[in-house]
Amino acid sequence: MAHYSNVQYFTRGYLATLLANVALASFVFSKEPQTLTCYSTTYEPYVFERDGKVVGIDSDAVREIGRRLNLDISIELKPWVRLERDIKQGIHDCAFAYFRTDERLTYMHFTNVPLHITSYTLFVNADQLRPFDSMEDIKGFQVAVNQGFQTTPEFEAAVKEELISEYRVREDSQAFKMLNAERVNAVLTNQVVGAYQAKQLGYNDIEPLKPPIRSTAAFLTFAKKDHLKPWVEKFDHAFFEILEDGSYQAIFDSYVSPKLAE
């Protein structure tokens, strides 16, 4: 089975298209150190705090982008709803990782290269593994979902039609503990987050249903300010390099063992 990797997330054809778009210009970066503060929300293993420092797959990738642009990036955490309100009001210049929507395009500059792909995945106990083609395949399931996690139209419709029931929790770890104790039938979360949580908790008999319900790209964004718009191409160019030279894969593997992705 394929590993989670930059090759899986960003296919070579997709990367080639991005290269054609972002490599048209040759960027000359200032030799003087510059600073930028980016904000995000705890979403382990992409963004979380360890020993007083914000780390994670996305956080480390953003810092590496900054290093290549001679830009000193600091990362701070805020609750999701408050953070989006603040960037909408222009209080913050940089935030990640956001799905692109028509509304957000009115107050955010989006990079073109996604920081990660959210694959909406259902996790179940191994004895509940089954072919998964539609929500009908989990009819009657009670599904735990982090209250801060945006679900999908398919999932929301199944809940509304009472095909399944939804149980909201405060943290992904809580959802997986409930699944392990058979208090719910499944957990809906990002595929990487779910694999990471199951491993951290030592739950070796929890498996993802495949394929995911759907996959959506999540991006780094800048406030809709004219002086920030040029950073979009610069960040795209630097992040493309990180994907191509293996640096992103090394960051990913430092948090998520390749065995988790099988």
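Residues numbered from 1 in each chain as written. Predicted model: local features only at pLDDT ≥ 70, side-chain atom pairs only at ≥ 80, totals over all residues. Heavy atoms only, no water.

- As annotated in an unreviewed UniProt entry, the protein is Substrate-binding periplasmic protein from Reinekea marina.

1. Re the overall build of the protein
- Secondary structure assignment for the protein yields 9 helices and 12 strands.
- The proportion of buried residues among the 262 residues of the protein is 49%.
- If you take every contact in the protein between residues at least 6 apart in sequence, the share linking residues at least 24 apart comes to 74%.
- Counting only carbon and sulfur atoms, one obtains 47% of the accessible surface of the protein, whose full area is about 13000 Å². (Helix = DSSP H or I, 4+ residues; strand = E, 2+ residues; numbered from the N terminus. Buried < 20%, exposed > 50% of the residue type's maximum accessible area, 1.4 Å probe, protein only. Contact = heavy atoms within 4.5 Å. Areas by Shrake-Rupley, 256 points an atom, 1.4 Å probe, with all protein chains shown as cover.)

2. Topic: the layout of surface pockets
- In this structure, the largest pocket encloses a volume near 860 Å³.
- If you trace the largest pocket, you find 29 residues lining it, with T41, T42, Y43, N146 and G148 closest to the centre.
- The set of elements that each furnish at least two residues to the lining of the largest pocket consists of α4 (80–88), β5 (94–98), β7 (116–125) and α6 (172–180).
- Along the lines of polarity and charge, the residues of the lining of the largest pocket split into 12 nonpolar, 11 polar and 6 charged. (1 Å grid on protein atoms, 1.4 Å probe; cavity = no way out; pocket = protein on both sides within 12 Å on 5 of 7 lines; lining within 4 Å. Points joined across faces, edges and corners; volume = space filled by probe spheres on them. Nonpolar A, V, L, I, M, F, W, Y, C, P; charged D, E, K, R; others polar.)

3. A word on a negative patch on the surface
- A surface patch of negative charge is lined by D127, E182, D205 and E207.
- Mapped onto the secondary structure, D127 falls in the loop between β7 and β8 (142–146).
- Judged by relative accessible area, which is 60%, D127 ranks as exposed. (Patch = residues over 30% accessible without salt bridge, like charges linked within 9 Å, V, L, I, M, F, W, Y side chains within 5 Å. Salt bridge = Lys/Arg side-chain N within 4 Å of Asp/Glu carboxyl O. Lys, Arg positive; Asp, Glu negative; His and termini not counted. Charge placed at Lys NZ, Arg CZ, Asp CG, Glu CD.)

4. With respect to the confidence of the model for the protein
- Model confidence for the protein is summarised by a mean pLDDT of 88, while 85% of its residues fall at 70 or above.
- Overall, residues 1–9 carries pLDDT values under 50, and its contacts beyond four positions in sequence, including any with other chains, amount to 25 contacts.
- The model gives residues 22–33 a pLDDT under 50, and that stretch makes 16 contacts with residues more than four places away or in other chains. (pLDDT = per-residue confidence, 0-100.)

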